[in-house]
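# Fold and contact review
Read off the chains here:
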Amino acid sequence: AAALNRRNKTKTRCPGLKFDIACTDDVSLDKMGNMLPHICCYAAENVATVRASEPSSRVALGYAELFVDMASDPSHDFFSDPPPDADSETRSYHNLLSRSHNREEQTLVEESFGQHISNVIEIFARQPRVFLYTVYMVGSRARLLRWDRSGYVVSESFDIRERPDILCEFVWRFSQSSPGGRGHDMSISVARPGEEELFRRVVKEHVLSQLGPGEDVDQAMTQHYEPGQVFAAALVPNDFTAIEENICRILFSRPVITPAYLTGRATWGCWAVDAAFERIVFLKDTWQPHSEGSELEGEILWRFPDIGVRCVPSVLWHGFVAEWIPSKARKLTSESLNHL
């Protein structure tokens, strides 16, 4: 960590980022599934927030840009590289996963990498992400990994004593990347000034309409609203292109449910506020499968009432989250708004 953070008067290895030791000596956290990564990389402005938090809160995983896990024994590598001189055919049939004849040692290796996966999953649950980079070290040998909702890609190992330039160039390029280049989902943004108050007011009104006499309003609010943590997504109704006039701006804070696994469609849902109409809605967010000719879920739900299907949610909007807005597109007219 100290070497990665090293700098002189004019240069640093990772500008704007800080590597910090995240693991602790707290015995209560020394359990599989609870342990933090050994080293986390944060944006410099977030380091103080993480250090001020309780380690048991796992706040570090809400701010980590990437993390590094280590094992002291090179035999604890979860992966096995093909021979350096292997041809392409040999490599294509090579079994990447390492297997030990010693059952106890194999269990230890699997538990170690399983903890690595557990931390990846929690970062995806805590942060809006498209992908994530991690570093996995055994002894002085390191591997770079890239994770997304389809799984992961892993590099061959390299010795940081013999080839420190690989790791140094990686962290340098990582520091020079945009937030999107580091894996953050840029379709989600922080709410604009005034939108948090709008969100809080609309949610509180809806909570009050559901509570009985004597029930705690503030306690009920905590399920859906975290002060200072209100975000926005721009939804483009299906069959319309992404220009400002077509955008439905949705505000949200705390999800009701988030996926507890890495692969799949990553469905999560939360109470949200339609900023234009100042009304409470339920936002279901999921990765759309790319099966040709399949009907969109929103279209299915939309026609259910017409064929007598009961107990289904009323669809107000359905479409795709916009990451960019082109200059020319078909406008969403007032007649279309009334139809939606």
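Residues numbered from 1 in each chain as written. Predicted model: local features only at pLDDT ≥ 70, side-chain atom pairs only at ≥ 80, totals over all residues. Heavy atoms only, no water.

### Quick look at a nonpolar patch on the surface
The test is simple: A residue counts toward a patch only above 30% relative accessible area and without a salt bridge, and it is joined to like-charged neighbours within 9 Å or, for Val, Leu, Ile, Met, Phe, Trp and Tyr, to nonpolar neighbours within 5 Å. With residues, only the protein chains shown are counted as cover, and all accessible areas are computed by Shrake-Rupley using a 1.4 Å probe. The term salt bridge refers to a side-chain nitrogen of Lys or Arg lying within 4 Å of a carboxyl oxygen of Asp or Glu. Secondary structure elements follow DSSP: runs of H or I of four or more residues count as helices, runs of E of two or more count as strands, with numbering from the N terminus.
The grouping of Val 256, Ile 257 and Phe 282 at the surface amounts to a nonpolar patch, some 320 Å² of accessible area in total. Secondary-structure assignment places Ile 257 in the loop between strand S10 (248-252) and strand S11 (268-274).

### Here we look at helix H6 (residues 164-176)
What sets the pattern is the α-helix's 3.6 residues per turn: residues three or four places apart point alike. Short version of the rule: Between the first and last residue of a helix there are one fewer steps than residues, each counted as 1.5 Å, and that sum is the expected span. Burial classes follow relative accessibility: with a 1.4 Å probe on protein chains only, a residue under 20% of its type's maximum area counts as buried, one over 50% as exposed, and anything between as partly exposed. Working definition: the arc comes from the directions between the helix axis and the C-beta atoms, pointing outward to the latter. Contacts were defined at the residue level, with two residues in contact if any of their heavy atoms lie within 4.5 Å.
Helix length check: H6, at 13 residues, gives a terminal C-alpha distance of 19 Å against a target of 18 Å (1.5 Å per residue), a fit within 8%. For H6, every residue scored as buried is listed here: Leu 167, Phe 170, Val 171, Phe 174 and Ser 175. With its buried residues spanning 130° around the axis, H6 presents them on a single face. Turning to H6, the residues buried within the fold contact helix H1 (2-5), strand S1 (17-21), strand S3 (66-71), strand S4 (132-138), strand S5 (141-148) and strand S7 (158-159).

### Let's talk about the nonpolar core
Selection rule: In plain words, nonpolar cores are sets of buried Ala, Val, Leu, Ile, Met, Phe, Trp, Tyr and Cys residues tied together by side-chain atoms within 4.5 Å.
With 26 residues, the main nonpolar core has Tyr 42, Phe 113, Val 120, Leu 145 and Trp 147 as its most contacted residues. For this core, the secondary-structure elements that each account for two or more residues are strand S2 (39-43), helix H2 (47-51), helix H3 (60-63), S3, helix H5 (103-126), S4 and S5. Counting residues per element, this core draws most heavily on H5, at six residues. Non-local contacts of Leu 145, meaning those with residues more than four positions away in its chain, are made with Phe 79, Phe 113, Leu 132, Tyr 133, Thr 134, Tyr 136, Tyr 152, Val 153 and Val 154.

### Overview of the environment of Arg 192
Within the element layout of this structure, Arg 192 appears in the loop between strand S8 (188-190) and helix H7 (195-210). For Arg 192 and Ala 232, which are 40 residues apart along the polypeptide, the C-alpha to C-alpha distance reads 8.3 Å.

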